Amino acid sequence: MTDIIAADIGGTNARFARASLDERGVPTLGTVRKYKVADYPSLQSCWQAFVDDETAADPTPLPDAAAIAFATAIGRDVIKLTNSNWVIRADTLAEDLGVSHVRLVNDFEAVAHAVSRLPDENLPLLFGEDRPFPRDGGVTILGPGTGLGVAMIAYDEGHPHVIATEGGHLDFAPLDHMEEKILSYLRDKFLRVSTERIVSGPGLNYIYKAMATIGHDRVMLMEDPELWQSALDGTDPFARAALERFCLCYGSVAGDLALAHGPHAVVLAGGLTQRMRDFLPHSGFHTRFKAKGRFESLMASVPIRLAVHDEIGLFGAAAAFREMKK
């Protein structure tokens, strides 16, 4: 067994846990501790809060290695989180945190590592043909959260190679008059409108406000959590209509990414998608996913699965550590 500290650092929350990896690289997580990123000026201060809380509960010495998933691109000397003010210096991070080894991965790179190790029961089929991941070819991993995470698993003779991407920052492509108007509304705010401006947690609110402005409708302004709840439980019909539009856009983006990676399989991940599990099959998601012209019949057959795991980012970050050891 290999013992490490796993961390999943998003734009909103930071999660930490002890983790043990078996000989196959499958992690077992200890107690998960969650902190609000906005409550701490730096990763070091948040890490110290975890260390204090963990050692107070369990005096066993903490592992001397860590695997950390960040919600941003990895590979630069100075890492700036996409949706928070934290700045990380990769070359001094191990020393700053007081450990000997650190493995850094993109947040959805971590999710892809998790998907490659999840059992079948954690990957239920939502749409398409019920067939396994390809022995050779790409699997697209995506999901909305604070932003839109995208990664890829490239299988080579059955062996998974995880590839981090920033696919959530592709330009948004409208497919009907309403989406053209939503795009125009958002261009007044952002100039360039990426897919994650729309297909993300905050994106539902942008769609909601844009549709109200376009139709001159009077709506109740809500914070993101309240709006999502109202949309999912159907208590606000306009929020529900915004969620349907959200699912149309989500399906379009997922289909585009699947074509780019090779349309073999798609896995939807993240807490928001899990909350939409009952809504998605009755939405326009799959209709839009399939609507790729000459490739429509092929896209209809592509398996689309849901990754079900309460702490998939932590699980995946821990799994990625074993890849470094290899």
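Everything quoted here is computed from the prediction, not taken from an experiment. (Residues numbered from 1 in each chain as written. Predicted model: local features only at pLDDT ≥ 70, side-chain atom pairs only at ≥ 80, totals over all residues. Heavy atoms only, no water.)

Draft legend 1. Fine view of the packing of aromatic side chains. For the structure shown, the criterion picks out 13 aromatic pairs. An angle of 80 degrees between the planes, with centres 5.3 Å apart, marks the rings of F190 and Y206 as edge-to-face. In this pair, F190 sits in helix α4 (residues 177-190) while Y206 sits in helix α5 (residues 203-215), placing the two residues 16 residues apart along the sequence. Taking the relative accessible area as the measure of exposure, Y206 reaches 23% and is therefore partly exposed. With a centroid separation of 5.2 Å and 85 degrees between ring planes, the pair formed by W228 and F246 is classed as edge-to-face. Here F246 lies in helix α7 (residues 237-261) and W228 lies in helix α6 (residues 224-233), a separation of 18 residues in the sequence. An identical accessibility class is assigned to W228 and F246; each is buried. Sitting over the ring of F190, R197 keeps its end group 3.8 Å from the ring centre. (Phe/Tyr/Trp six-rings, centres within 6.5 Å; stacked < 30°, edge-to-face > 60°. Helix = DSSP H or I, 4+ residues; strand = E, 2+ residues; numbered from the N terminus. Buried < 20%, exposed > 50% of the residue type's maximum accessible area, 1.4 Å probe, protein only. Lys NZ or Arg CZ within 6 Å of the ring centre and 35° of its normal.)

Draft legend 2. Seen up close, α6. Turning to α6, its buried residues are L227, W228, S230, A231 and L232. Considering only its buried residues, α6 is in contact with α5, α7 and α8 (271-275). In the segment just after α6, G234 is the residue with positive phi, at about 80 degrees. (Contact = heavy atoms within 4.5 Å.)

Draft legend 3. Representation of the pattern of salt bridges in the model. Tallied over the full model, the rule gives 13 salt bridges. One salt bridge in this structure joins D130 and R305, with 2.8 Å as the shortest N-O distance. Of the two residues, D130 sits in the loop between β9 (125-127) and β10 (137-144) while R305 sits in strand β14 (residues 304-306), which places them 175 residues apart along the sequence. Residue classification places D130 among the exposed residues on the basis of a relative accessible area of 63%. (Salt bridge = Lys/Arg side-chain N within 4 Å of Asp/Glu carboxyl O.)

Draft legend 4. Highlighting the sheet that holds β10. If you walk across this open sheet you meet the 6 strands as β9-β14-β13-β10-β11-β12, and the pairing is mixed. Only two strands of the sheet have a single neighbouring strand rather than two, namely β9 and β12 (159-164). Here the average twist between neighbouring strands, direction ignored, is 30 degrees. With 3 bridges joining them, strand β13 (residues 265-268) and β14 adopt parallel strand pairing. Note that in β14 the partner of V266 across the bridge is I304. Against the sheet, helix α3 (residues 107-115) makes contact with β10, β11 (148-156), β12 and β13, and its axis sits at roughly 45 degrees relative to β11, the strand it touches most. (Pairing = 2+ DSSP bridges. Axes fitted to C-alpha atoms, helices over the stretch in contact; angles between N-to-C directions.)

Draft legend 5. Quick peek at the environment of T165. Position of T165 relative to the elements: it lies in the loop between β12 and α4. Taking the C-alpha atoms as reference points, T165 and P225, separated by 60 residues in sequence, lie 27 Å from one another. Apart from the residues within four sequence positions on either side, T165 is in contact with N106, V150, A151, M152 and H261. At 2.9 Å, the side chain of T165 forms a polar contact with the backbone oxygen of V150. Within the structure, T165 has its side chain in polar contact with the backbone nitrogen of G167 (distance 3.1 Å). (Polar contact = N/O pair within 3.5 Å; in protein donor to acceptor, adjacent residues only side chain to side chain.)

Draft legend 6. Quick peek at the nonpolar core. I198, L243, F246, L268, M276, F285 and F289 are the most contacted members of the largest nonpolar core, which totals 48 residues. Sorting elements by how many residues they give to this core places α7 first, with 12 residues. Not counting the four nearest positions on each side in its chain, L268 is found in contact with L126, L142, Y250, T273, L280, F285, I304, R305, L306 and A307. Among the nonpolar cores identified, the runner-up in size contains 26 residues, and I9, A14, V51 and L93 belong to it. (Core = buried A, V, L, I, M, F, W, Y, C linked by side-chain atoms within 4.5 Å.)

Draft legend 7. Summary view of the side chain of R18. Along the chain, the position of R18 falls in strand β2 (residues 13-21). On the accessibility criterion, R18 (14% relative accessible area) is buried. Here the side chain of R18 touches D58 through a polar contact of 3.3 Å, landing on its backbone oxygen. A distance of 2.9 Å separates a polar side-chain atom of R18 from the backbone oxygen of T60. R18 has contacts with I4, T28, L29, G30, E54, D58, T60, P61, L62 and P63, leaving out every residue within four places of it along the chain.

Draft legend 8. Examining unusual backbone geometry more closely. Not every positive phi belongs to a glycine, and E157 is a case in point at roughly 50 degrees. When you line up the elements, E157 lands in the loop between β11 and β12. Even without glycine at this site, H216 takes up a positive phi of about 55 degrees. Mapped onto the fold, H216 is located in the loop between α5 and α6. On the accessibility criterion, H216 (73% relative accessible area) is exposed.

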